[in-house]
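Given next are the chains, with one letter for each unit.
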Amino acid sequence: MLTPATITVNFIGNYAGLHRICWRECGVGSYACTNIVDCEGGGNPCSAVISIMVDPESCDPVCYEGYIQATCNAIDSDAGKVPFTVTYTPTPTCVGWTITCDNPEGCPAILPTQIGLNCDGTLREQVEPMLEGDKIALCNRFELTTLPADYTMALDPTVECCACEGFIVQLSRTKPGVLTGLVVYYMDCNKTLQSWTPATEADILEVCAVPGSIYRIGSSVFNILIVPNPVTCP
């Protein structure tokens, strides 16, 4: 969601009088000359405030460029232009967490009403029952207080919610037994919780996901192998 923000441009005014401030997103469209400020001149400080709209939850910095020019110069002239560049770096609040089952007897399913909303406000799916030590990763804005007993939730910087990469996920048998109860959870490129349930031991998942977010739950017979997949992700 876009919210209002400002860019403050501080400069030295060598000329007394009006100065225009023109700006744009770097390399995008034409300059907007929305500000006129009156400067004292003579090498004294002067400043202008530019109003912009930004997305503080975005993962992508935004570059702005522009110039300052005394209005005694024609607006279509390059005379006296002083360039500036500034970058807005968002600080998203939807960050990496892990939820771990701490009960030796296992933990119950986490219902959609207990697992909270995805970062975009959509409902998350149910998370199936976990064994002790099983965990999943989330991109979330705060610690959930609605989880069932025996789960703990902790910030985890290894869950890189502002990144998305390709992975191949394969099953790895750890002991004799059958494939049952195993579910793989991960966060997709939109920071949305997704799941995959393999039908056979040979099944493979190729996915674009948040690095550090791929975990398996529900099986003591199989673990998973996660290898990078050099594909282009959204």
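A quick note: this is a predicted structure, and the numbers were derived from the prediction, not measured.

Participant: It is not clear to me how unusual backbone geometry should be interpreted in this structure. Could you clarify?
Facilitator: The bulk of non-glycine residues show a negative phi, and the bulk of peptide bonds are trans. Despite not being glycine, Asp150 has its phi angle at roughly 80 degrees, a positive value. If you trace the backbone, Asp150 turns up in the loop between β8 (135-140) and β9 (151-155). In the Ramachandran plot, Lys191 falls in the positive-phi region, its phi being about 65 degrees despite a non-glycine side chain. For Lys191, the location among the structural elements is in the loop between β11 (183-187) and β12 (193-196).

Participant: Help me understand the pairing of β12, please; the structure alone is not making it clear to me.
Facilitator: Here β11 pairs with β12 via four bridges, running antiparallel. Paired with Tyr186 across the bridge in β12 is Gln194. Linkage of β11 to β12, two consecutive antiparallel strands, is achieved through a turn of five residues, within which Lys191 is found at a positive phi near 65 degrees.

Participant: When you look at the packing of aromatic side chains in this model, what are you seeing that I'm missing?
Facilitator: Given two aromatic rings, one states the distance between the centres and the angle between the planes to describe the pair. Inspection of every chain in the model, using the stated rule, returns two aromatic pairs. Across the ring face of Tyr31, the terminal group of Arg24 is positioned such that the distance to the ring centre comes to 4.2 Å. Positioned over the ring face of Tyr67 is Lys81, at 4.2 Å from the centre of the ring.

Participant: Even after reading the chapter, I still don't get the sheet that holds β11, so can you show me in this structure?
Facilitator: The strands making up a sheet are joined through hydrogen bonds of the backbone, oriented either antiparallel or parallel. Taking strand neighbours across the sheet as the criterion, the three strands line up as β12-β11-β14 in an open arrangement whose pairing is antiparallel. Each edge of the open sheet carries a strand with a single partner, namely β12 and β14 (215-217). Taken over all neighbouring pairs, the strand axes of this sheet differ in orientation by 30 degrees on average, direction set aside.

Participant: What's the story with the pattern of salt bridges in this structure? I'm lost.
Facilitator: Two side chains with opposite charge may pair up if their charged atoms get near one another. Under the defined criterion, the tally for this structure stands at five salt bridges. The salt bridge involving Arg173 is made with Glu201; its shortest N-O contact spans 2.9 Å. With Arg173 in strand β10 (residues 165-173) and Glu201 in the loop between β12 and β13 (204-209), the pair connects residues that are 28 residues apart, well separated along the chain. Judged by relative accessible area, Arg173 falls into the partly exposed class, the value being 38%.

Participant: Sorry if this is basic, but what is going on with the state of the cysteines here?
Facilitator: Should the sulfur atoms of two cysteines be covalently bonded, the bond is a disulfide. What the rule picks out here adds up to nine disulfides. Here Cys139 is linked by a disulfide to Cys161, with a sulfur-sulfur distance of 2.1 Å. Since a negative S-S torsion denotes a left-handed disulfide, the Cys139-Cys161 link at about -100 degrees is left-handed. Placement of Cys139 in strand β8 and of Cys161 in the loop between β9 and β10 is noted, with a sequence separation of 22 residues between them. Accessibility classification places Cys139 together with Cys161 in one group, the buried group. Two residues share a disulfide in this structure: Cys208 and Cys233, whose sulfurs sit 2.1 Å from each other.

Analysis parameters
Residues numbered from 1 in each chain as written. Predicted model: local features only at pLDDT ≥ 70, side-chain atom pairs only at ≥ 80, totals over all residues. Heavy atoms only, no water. Helix = DSSP H or I, 4+ residues; strand = E, 2+ residues; numbered from the N terminus. Pairing = 2+ DSSP bridges. Phe/Tyr/Trp six-rings, centres within 6.5 Å; stacked < 30°, edge-to-face > 60°. Lys NZ or Arg CZ within 6 Å of the ring centre and 35° of its normal. Axes fitted to C-alpha atoms, helices over the stretch in contact; angles between N-to-C directions. Salt bridge = Lys/Arg side-chain N within 4 Å of Asp/Glu carboxyl O. Buried < 20%, exposed > 50% of the residue type's maximum accessible area, 1.4 Å probe, protein only. Disulfide = S-S within 2.5 Å.

Keep in mind these values describe shape, not function.
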